[in-house]
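Structural description and commentary
These are the residues of each chain, in order.
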Amino acid sequence: MDIMDSEGHRFLMDAKNKTMADQAISRATLGDIGNRVSAITIDTAKGGAIKKEILQPAGGVVIRNPVALIKPSNIAKPAPVHLSPSQPHPEPVIKEIETERVKVEWMTDHHHLLQTTQQVKSDDVVLDLNHHASAMNISHEAEDAFSRAFFNEHIEDIDSEDRNNPQLVSIYVNSIYDYMRSLEKKYSIGVNFLEGSELTGKMRAILIDWLCQVHSRFHLLQETLYLTVAIIDRYLQAKPCIKRRLQLVGVTAMLVACKYEEMFVPEVADFVYITDGAYTKNDVKEMEQDILRTLEFSFGRPLCLHFLRRNSKAGQVDATKHTLAKYLMELSMVDYDMAHVRPSLVAASALYLSMRLIDNSRWTETLRFHSCYSESDIIPTAQRLAQLVIKAESSKQTAVRLKYSSKKFMMIACLPQLKSKDLLDIAQGKE
C-alpha cells in the first residue's frame, strides 16, 4: 500500500511539472502579454504628417507564423526528475527561440502606412517598431491633408467649417479640382475647330441657342446644358458633320447628357418630336452610338459651373453676383470664338466681371489661390464677356437673354449695371 501511494504521488508530481513547463513554453512563444502592451504617445507640439509610434520592449514582440508550428527541436524538453515529496520543484528549462528582426522602412513626411520588408528563415519573427518611428499627432489641432501651411494672413481656408461634413469631402476637395484642371487639358477644344468643314460658327450659335430653349422646355438641370455643348464641340472637332445632320447631333448630344446627369431622362420620341419629325428614332439611336464611339465613352470634361461654385465660395459672393456670372457663362456658350477657352478660366472671368459690375469688388488672394488665375490672367477673357453682354442686346440669338430676364433668374439680364459706362470701358479695354 505504501509503495502504491509513493508511485501515485510521483506520477502526480511528474504531471504537474510537465504542465508548468508547457505553460512556460507557451508563454515564451506568445510573448509576455502583460509586459508588451503597445503604448501610443500623443505629441501636440509637432507638426507635419500624422505619425504613430508603437513603444515596445527592446526584445520586440514575438509573432507566430500562422501556418507553421513550433519545431520540436527548438525547445528542450525537461528531463524527468524523480523527487520526493519534501524536495522543491525545479524551474522548467526552456531554450530561447531563434528569431530574426523585421526591417521597418519609415518614409519621412509620407501619408501612407509603414511598409515592412523581412526575410524569415525560421518560423518565428520579431517585430521591432521602435526603429525610425516618431510620435503620432492625433489632436484636433493637428494639420489636415490640406495643410494650414498653405494659408497665410491673405488666404482664407474656405473649407474650415466643412471638416465634419463627409459629403463635402473637404480633405479631398483641392485634389479633386486639381484633377479637374488636368481633365480640361485632356479634353480641350481647339481654336477654330470647325475650320475645314461646311459648318460655321454662326450655325453652331443657332443650334445652341435653340438647344437652350429645348433645355428650358424639358426643365433639365443646369449641368445638362453645359455638358450638351461640350459633347457637341468635342464630337464636331473629332468628326466633321454635314449641315443637314447638325440638329441631329445637337438633340442626340442632349440625350446623352441627360443620361449622364438627369434622374429622369426624356424619351427618344420626345427628341424626335422636338425636331418636328426631321429625324427618326433610329437616326437618334445611330447617332448616339456614333457619339459614344467617337468620344470613347468619356464625358468627364469639367464644366464651367463646377468651377464657378468653388470660386463663389472662395469669394463669399451673394446670389446676385453668382447668378450674373452664370448669365455671362451661358452667353459664352453660344459664342464660337470662346469655345476653346478652358471652363475654369471662363468661370473665373465671369465671376470677376460680375464682382466688378455689382460693387467693384477686388479679386482677392483667396480667389486667386482657389481659382489658380490672377487678375492679369482674367482680364482678356472678362473683356470678351463684356463685349458679349453688349452684343446680346441686338443679337438674333435671344434664348439666354430672355431666360435670364425672367423672375426665376432674378431678372439678371435687366440689371442697370449691364448698360453702365463701366461695362463699356471694360469691353473697350479701358481700365
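Here the residue index of a chain counts from 1 through its sequence in written order. With the structure being a predicted model, the display of local features is reserved for residues of pLDDT at least 70 and the display and counting of side-chain atom pairs for 80 or more, all residues being used for whole-chain, interface and lining totals. Processing note: side-chain calculations cover all non-hydrogen atoms of the structure and skip hydrogens and water entirely.

Here's the deal with the overall build of the chain
In this description a helix means any DSSP run of H or I spanning at least four residues, a strand means any run of E spanning at least two, and both kinds are numbered starting from the N terminus. Counting its secondary structure elements, the chain contains 14 helices and four strands. Counting every position in the chain, which comprises 431 residues, the buried fraction comes to 41%. Here the analysis covers contacts within the chain between residues at least 6 apart in sequence; of these, 75% occur between residues at least 24 apart. Residue-level accessible areas treat just the shown protein chains as cover; the underlying method is Shrake-Rupley with a 1.4 Å probe. Surface accessibility of the chain: about 25100 Å² in total, with carbon and sulfur atoms responsible for 54%. Only protein chains enter the accessibility calculation, which uses a 1.4 Å probe. A residue is then buried if its area is under 20% of the maximum for its type, exposed if over 50%, and partly exposed in between. Here, two residues are considered to be in contact whenever any of their heavy atoms come within 4.5 Å of each other.

Description of the packing of helix α3 (residues 201-218) against helix α4 (residues 222-238)
For helices, the fitted line uses only the C-alpha atoms of the stretch in contact; every axis is such a line through C-alpha atoms, and the angle between N-to-C directions lies from 0 to 180 degrees. At a minimum axis separation of 11 Å, α3 and α4 run at an interaxial angle of 155°. Between α3 and α4, the angle is such that the two are roughly antiparallel. Considering only the axes of α3 and α4, their crossing is right-handed. Of the residues in α4, those in contact with Arg204, Leu207, Ile208, Leu211, Cys212 and His215 of α3 are Gln222, Thr224, Leu225, Thr228, Val229, Ile232 and Asp233. Here the contact of α3 with α4 is composed, by residue class, of seven nonpolar, four polar and two charged. Each angle receives one of four descriptions, namely roughly parallel if under 35 degrees, roughly antiparallel if over 145, roughly perpendicular if within 65 to 115, and oblique otherwise. Left-handed is the label given to a crossing in which the near helix is rotated counterclockwise from the far helix by less than a right angle, and right-handed is the label when the rotation is clockwise. When residues are grouped by polarity, Ala, Val, Leu, Ile, Met, Phe, Trp, Tyr, Cys and Pro land in nonpolar, Asp, Glu, Lys and Arg in charged, and all others, Gly among them, in polar.

A word on the pattern of salt bridges
Here, a salt bridge means any side-chain nitrogen of Lys or Arg that lies within 4 Å of a carboxyl oxygen of Asp or Glu. One pass over the full model with this rule turns up 15 salt bridges. Put simply, Arg181 and Asp178 hold a salt bridge, and the shortest N to O gap is 3.4 Å. Of this pair, Arg181 and Asp178 both sit in helix α2 (residues 173-186), separated by three residues, roughly a single helical turn. By relative accessible area, Arg181 is classed as buried at 13%. The shortest N-O distance in the salt bridge between Asp335 and Arg384 comes to 3.1 Å. Linking Asp335 in the loop between α9 (319-334) and α10 (343-359) with Arg384 in helix α12 (residues 375-392), this pair joins segments that are 49 residues apart in sequence. You can call Asp335 buried: its relative accessible area is 8%. Within this structure, Asp159, Asp162, Arg310 and Lys313 form a network of salt bridges that share partners.

Let's talk about the side chain of Asp209
Here Asp209 lies in helix α3. The charge count treats Lys and Arg as positive and Asp and Glu as negative. His and the chain ends do not count. Of the side chains bearing the opposite charge, Arg401 lies closest to the buried Asp209, which forms no salt bridge; the N-O distance is 9.0 Å. Polar contact criterion, stated in full: a pair of N or O atoms within 3.5 Å, where within protein one must be able to donate a hydrogen and the other to accept it, and residues adjacent in sequence count only if both atoms are side-chain atoms. From its side chain, Asp209 meets the backbone nitrogen of Thr398 in a polar contact 3.3 Å long. There is a polar contact of 2.9 Å between the side chain of Asp209 and the backbone nitrogen of Ala399. In contact with Asp209, other than residues within four places in its own chain, are Gln397, Thr398, Ala399 and Val400.

Overview of unusual backbone geometry
Trans peptide bonds make up the majority, and among non-glycine residues the majority have a negative phi. Within the chain, Asn192 stands out as a residue other than glycine whose phi angle is a positive 50°. One can find Asn192 in the loop between α2 and α3. Exposure remark for Asn192: the relative accessible area of 39% places this residue in the partly exposed category. Although it is not a glycine, Asp276 adopts a positive phi angle of roughly 60°. Assignment of secondary structure puts Asp276 in the loop between α6 (268-274) and α7 (281-294).

A closer look at the nonpolar core
Buried Ala, Val, Leu, Ile, Met, Phe, Trp, Tyr and Cys residues form a nonpolar core when they are joined through side-chain atoms within 4.5 Å. Residues Ile231, Leu236, Tyr327, Met329, Leu351, Leu353 and Trp363 are the most contacted members of the largest nonpolar core, which totals 95 residues. Contacts of Ile231, omitting those with residues within four sequence positions, involve Ala253, Val256, Ala257, Ile291, Leu295 and Phe299.

Some words on the side chain of Ser170
With respect to the helices, strands and loops of the structure, Ser170 is situated in the loop between β4 (124-127) and α2. What makes Ser170 buried here is its relative accessible area of 4%. Sequence-distant contacts of Ser170, defined by excluding residues within four places in its chain, comprise Asp159, Asp162 and Arg163.

Observations concerning the environment of Tyr260
Residue placement: Tyr260 occurs in helix α5 (residues 246-261). Overall, Tyr260 belongs to the partly exposed group, its relative accessible area being 47%. When the C-alpha atoms of Tyr260 and Phe299 are compared, they prove to be 8.2 Å apart, with 39 residues separating the residues in sequence. The residues contacting Tyr260, other than those within four sequence positions of it, are Leu227, Phe299 and Gly300.

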